[in-house]
Each structure stands twice: as C-alpha cells, then as structure tokens.
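# A structural walkthrough
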Amino acid sequence: MVIPEHVALILDGNGRWAKKRGLPRTMGHKEGCVTVEKTVEIAARMGIRYLTVYGFSTENWKRPQDEVSYLCGLPKLFFNRYIRELNERNIRVCFIGELERFPQETRTVIEDAVRITAENTGLILNIAINYGSRRELVLAARAYAQDVASGKRENDLDEQGFEQYLMTSGHPPVDLLIRTSGELRISNFLLWQIAY
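Below: a short report on this structure. (Residues numbered from 1 in each chain as written. Predicted model: local features only at pLDDT ≥ 70, side-chain atom pairs only at ≥ 80, totals over all residues. Heavy atoms only, no water.)

A count of helical and extended segments in the protein gives six helices and five strands. The helix and strand sequence of the protein, counted from the amino end, reads β-α-α-β-α-β-α-β-α-α-β. Overall, the protein is about 55 × 40 × 35 Å in size when its C-alpha atoms are taken along their principal axes. Taken across its 196 residues, the protein has 42% of its residues classed as buried. Within the protein, counting contacts between residues at least 6 apart in sequence, those at least 24 apart form 77% of the total. (Helix = DSSP H or I, 4+ residues; strand = E, 2+ residues; numbered from the N terminus. Buried < 20%, exposed > 50% of the residue type's maximum accessible area, 1.4 Å probe, protein only. Contact = heavy atoms within 4.5 Å.)

Have a look at this one:
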C-alpha cells in the first residue's frame, strides 16, 4: 500500500452534524476537535509525514459572532487537552494563516504549541487558521515583489522559486485532499499545493 506523504483535511459539516442532532453548532465544532485528535493519531501510525487541517478560514469571520468567538477559543481547548500527547508522540505543530486578528490568548496558545513541539521529528501537523489560499498567493506575490525591489533577488521567478514564498514553504505538495462532509468543493484551501 502506498502511503501519501501529505494529506490535507477540510473540516466541514460539524455545525450541520450538531444541528441534525438538536445540538448547538458549537457542539459540532467541539466534536470535530475530538475527531482531529483521532485522525492525527492514525496519520502518525500510518507514517504520513504531513497533515494539514483547515481549522478556520478567512471566510469564517462572516459567521454569527457567538460562533466565531467559540471557534477562536478552540485552539486553547484543543491544546490544553492534547499538547502533552502530541509532544510525547513526537508530533510537530505548525500553523499557516494570519494570527493577528485572533485574541491574544488564542495567539499565545498557538505560539506555545509551535514552540513546545519545534524539535519533534515525527508527523508535522499544520493547522490552517485564518487561512485563505487566495490571500496566501497575494502575500507571496507581494513578498516576491518586495525582494526584487530591494535587490534581494533577480526578477527571475519560476514555479519552484515561487513556492518558497508560500506559507507551506518546505513542505511537499498535497497527495490527498479530504473534505469531511463529502461535499465537492475546495473552499479556497491550498489552491497551489493541490494542483496535482
């Protein structure tokens, strides 16, 4: 059996799952965290090297404020429960996205998880928070243009050179993309990385 090197997950359908059971949408998001824990364990056991999870998109800010507030608190809930186990399992936590918009408490929890696991050499768990692929591509293009304007590099961009400006720089392309709800759309997630 061929094991994919890089698997990406679009966590979708948690709110609908909860609503179908007469629960608040937030309970669906909480249950989604439990599912992520199980998925990370399975991926590590299988020998998958990179698991990128779409935790919070740039579009999620448009949801009702109480749901957004709950989603902003999920990293604290997740890492308070799970950081020790991640570290013991030699899993390295990374993040892609823009953290500036999150409350300081959320940013601190995320930064601590990255710091605590920085030396781990097993599965790399990328969590995409306040991430949108179009935004990533715009930021990459801006960074490239700034490097050219400042004389740090020649204006000789090719695909391989562009990849170093992406938030996933140094990671292999995605081999398998899974959307948990079964819907067939990619929701502005890793557009460059899933090209093939």
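Okay, back to it.
This part takes up helix α5 (residues 133-149). Relative to the 24 Å expected for 17 residues at 1.5 Å per residue, α5 spans 24 Å between its end C-alpha atoms, a close match to the ideal helical length. What α5 keeps buried is the set Ser133, Glu136, Ala140, Tyr144 and Asp147. Burial along α5 is one-sided: seen end-on, the buried residues are contained in an arc of 70°. Opposite the buried face of α5, at more than 90 degrees from it, the exposed residues are Arg134, Gln146 and Ala149. On its buried face, α5 is in contact with β4 (124-131) and α6 (159-163). Remark: Gly151 follows α5 within two positions and exhibits a positive phi of approximately 85°. (Expected span 1.5 Å × (residues − 1). Arc of directions from axis to C-beta.)

A cluster of nonpolar residues, Met1, Ile3, Ile42 and Met46, forms a patch on the protein surface that exposes about 420 Å² of accessible area. Mapped onto the elements, Met1 comes out in the segment before β1 (6-10). (Patch = residues over 30% accessible without salt bridge, like charges linked within 9 Å, V, L, I, M, F, W, Y side chains within 5 Å. Areas by Shrake-Rupley, 256 points an atom, 1.4 Å probe, with all protein chains shown as cover. Salt bridge = Lys/Arg side-chain N within 4 Å of Asp/Glu carboxyl O.)

To continue, consider the sheet that holds β4. Taken in spatial order, the five strands line up as β3-β4-β2-β1-β5 in an open sheet, and their pairing is parallel. Each of the sheet's edge strands pairs with one partner strand only, and the pair in question is β3 (92-97) and β5 (176-179). Between one strand axis and the next, the sheet turns through 20° on average, direction left out of account. The sheet contact formed by β1 and strand β2 (residues 50-57) spans five bridges and is parallel. Bridged to His6 within β2 is Tyr50. Strands in contact with helix α3 (residues 65-88) are β2, β3 and β4; relative to β4, the strand with the most contacts, it is inclined by about 165°. (Pairing = 2+ DSSP bridges. Axes fitted to C-alpha atoms, helices over the stretch in contact; angles between N-to-C directions.)

It is the rolling of a water-molecule-sized probe over the atoms that shows where space remains empty. Of the pockets and cavities examined, the second largest pocket occupies roughly 360 Å³. Looking at the second largest pocket, it is lined by 16 residues, and the ones nearest its centre are Glu163, Pro172, Pro173, Trp192 and Gln193. A breakdown of the residues in the lining of the second largest pocket according to their chemical character gives seven nonpolar, six polar and three charged. (1 Å grid on protein atoms, 1.4 Å probe; cavity = no way out; pocket = protein on both sides within 12 Å on 5 of 7 lines; lining within 4 Å. Points joined across faces, edges and corners; volume = space filled by probe spheres on them. Nonpolar A, V, L, I, M, F, W, Y, C, P; charged D, E, K, R; others polar.)

Let's shift gears to the pattern of salt bridges. Summed over the entire model, instances satisfying the criterion amount to eight salt bridges. A salt bridge links Glu67 to Arg63, with the nearest nitrogen and oxygen atoms 2.9 Å apart. Judged by relative accessible area, Glu67 falls into the buried class, the value being 5%. Residue Arg63 is classed as partly exposed on the basis of its relative accessible area of 30%.

The element β1 is largely enclosed, with a buried count of five among its five residues. The side-chain alternation of β1 yields two buried faces, one formed by His6, Ala8 and Ile10 and the other by Val7 and Leu9. Relative to β5, β1 runs parallel, the two being bridged by four bridges. Counted as the bridge partner of Ile10 is Arg179 from β5.

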